[in-house]
Amino acid sequence: MAAERAVRAELDAAGLTDPALRAAYAGCRALHAEHGRTYYLATRLLPPGRRVDIHALYGFARFADEIVDDPAGAGGGDPHGALDALDRQLEAALAGGPLPDSRPEVVAVAETARRHSLDPQLFRDFMVSMRMDLTVTGYPTDADLAVYVHGSAAVIGLQTLPVLGTVVPRAEAEPHAALLGVAFQMTNFLRDVGEDLDRGRIYLPADELAAFGVDREVLTWSRRTGRADPRVRRALAHLVARTRATYRRADPGIAMLEPVSRACVGAARTLYSKILDEIADAGYDVLTRRVAVPNRRRAAVALPGLARALTVRGRQLARERTGRG
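Residues numbered from 1 in each chain as written. Predicted model: local features only at pLDDT ≥ 70, side-chain atom pairs only at ≥ 80, totals over all residues. Heavy atoms only, no water.

Considerations on unusual backbone geometry
The cut-off we apply is this: Each helix is a run of H or I in the DSSP string that is no shorter than four residues. Each strand is a run of E no shorter than two, and both are numbered from the N terminus.
In this structure, serine 117 is a non-glycine residue whose phi angle is positive, near 55 degrees. Inspection of the secondary structure puts serine 117 in the loop between helix H6 (104–116) and helix H7 (120–132). One non-glycine residue with positive phi stands out, namely tyrosine 284, at about 65 degrees. Following the sequence through the fold, tyrosine 284 ends up in the loop between helix H14 (259–281) and helix H15 (295–324).

Here we look at helix H2 (residues 19–35)
The following threshold applies: The span you would expect from a helix comes to 1.5 Å times its residue count less one. In this scheme, a residue with accessible area under 20% of its type's maximum is buried, one over 50% is exposed, and one in between is partly exposed, where area comes from a 1.4 Å probe on protein chains only. In this analysis, two residues are considered to be in contact whenever any of their non-hydrogen atoms come within 4.5 Å of each other. The definition of a polar contact used here is a pair of N or O atoms within 3.5 Å, where within protein one atom must be able to donate a hydrogen and the other to accept one, and adjacent residues in sequence count solely through side-chain atom pairs.
Its 17 residues place the ends of H2 24 Å apart at the C-alpha level, agreeing with the 24 Å of an ideal helix rising 1.5 Å per residue. Those residues of H2 not exposed but buried are Leu21, Arg22, Ala24, Tyr25, Cys28, Arg29, Leu31 and His32. Where H2 is buried, its residues meet helix H1 (2–13), helix H3 (37–43), helix H4 (48–69) and H6. With a side-chain oxygen positioned 3.0 Å from the backbone nitrogen of alanine 20, the residue opening H2 is aspartate 18.

What about the pattern of salt bridges?
When their charged atoms lie close together, side chains carrying opposite charge are able to pair. The cut-off we apply is this: The working definition used for a salt bridge is a side-chain nitrogen of Lys or Arg within 4 Å of a carboxyl oxygen of Asp or Glu.
Under the counting rule described, the total for this entry stands at 24 salt bridges. The closest approach of N and O atoms between glutamate 10 and arginine 29, which form a salt bridge, is 3.1 Å. You can see glutamate 10 sitting in helix H1 and its partner arginine 29 sitting in helix H2, a full 19 residues away along the chain. There is no split in this pair, since glutamate 10 and arginine 29 are both buried. Residues participating in the shared-partner salt-bridge network are Glu10, Arg29, Arg44 and Arg51.

Concerning the nonpolar core
Heads up, the condition is: The definition of a nonpolar core used throughout is a set of buried Ala, Val, Leu, Ile, Met, Phe, Trp, Tyr and Cys residues joined through side-chain atoms within 4.5 Å.
Core analysis: the largest hydrophobic core is formed by 84 residues, its most contacted members being Phe60, Leu86, Leu204 and Ile279. Among the nonpolar cores identified, the runner-up in size contains 11 residues, and Val7, Ala24, Cys28 and Val52 belong to it.

Notes on H7
In this model, H7 (13 residues) spans 19 Å end to end at C-alpha, consistent with the 18 Å of a helix rising 1.5 Å per residue. The set of residues buried in H7 consists of Leu122, Phe123, Phe126, Met127, Ser129, Met130 and Met132. Turning to H7, the residues buried within the fold contact H4, helix H5 (79–94), H6 and helix H8 (142–164). Between a side-chain oxygen at the N-terminus of H7 and the backbone nitrogen of glutamine 121 the separation is 3.0 Å; the capping residue is aspartate 119.

Looking at empty space enclosed by the protein
Remark: the empty space left among the atoms is shown by a probe the size of a water molecule rolled over them. For clarity, the cut-off: A cavity here means a set of points on a 1 Å grid, drawn over the protein atoms and nothing else, where a 1.4 Å probe fits but cannot get out; a pocket is an open set with protein on both sides within 12 Å along at least five of seven lines, and a residue lines either one if it has an atom within 4 Å of a point. Grid points are joined across faces, edges and corners, and a volume is the space filled by probe spheres set on the points. Note on residue classes: Ala, Val, Leu, Ile, Met, Phe, Trp, Tyr, Cys and Pro are nonpolar, Asp, Glu, Lys and Arg are charged, and everything else, Gly too, is polar.
This model, assessed by the stated rule, comprises 2 cavities of 30 Å³ or more. In this model, the largest cavity occupies a volume close to 70 Å³. Along the walls of the largest cavity sit Ser222, Arg227, Ala228, Asp229, Val232, Arg233, Tyr284, Asp285, Leu287 and Thr288, which together make up its complete lining. Counted by class, the lining of the largest cavity contains 4 nonpolar, 2 polar and 4 charged residues. In this structure, the second largest cavity occupies an estimated 40 Å³ of space. What lines the second largest cavity is Phe189, Val193, Asp196, Arg201, Ile202, Tyr203 and Leu204. The residue inventory of the lining of the second largest cavity, partitioned by class, reads 5 nonpolar, no polar and 2 charged.

Written out as structure tokens, the structure reads:
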């Protein structure tokens, strides 16, 4: 089958030969394809050998997220215990010796961390934010939210940076990578206000909502009744504008990436920011519906990006052949 051949090609390009590792990475790829449609589409623009590591990072983060969002499923009814077990497996794997019963997502992400010398603290910061989801239901200020977003989003940008590669010293690109992760996360928060509210959580700064006369009670009323509230629209318009500004601050980092990675990140940036366009076009009604970028618009972004990516890869191969000759 075509999908199986594609998986094998990516694993071969990454130099992964161990059957257990290949199975773990393939599982992460499947998770990414199922749950991370926007980012997964963008990863198709990367060289095959780099995709597996992005899939591993996403797969691990997704599994941890499922523990806190679906405790009866991924958490087995005990999300605290499930996160503790995941943490033990992760620490053991990062130290070089995965536990016999380690999750495949842990096995794959630990190998990615080893291959790219990722800082273990990034994973620890991520787990801190996952634990916050079990007890924190709201954030009084943007500074409070920033603590959570650092671990849930900024570190993801920092983890992917070594995989993508840079043409400048990595430290120069890191602030932009972290900001892009934050922009992606804030976009998700704005799109998923209703769903998060159903779980009892609000990932928007309470003080900024209050400036427009919005609080949990107002959001809950709008969600329950399906009625739009102009105060909610104004608050969300403000936060959408602020998120657009975060994208702009992150943008210089794309040119700092290796040429073969720019199309991927550029496409992801465009596709995610188009979610903000859809929110605005929907009149900021995210409490009665879940907005999404239509497939035709996604294709309009991905196809030109694919052409650019293939051109860059072709030039790179030509240079390599010339060098060997």
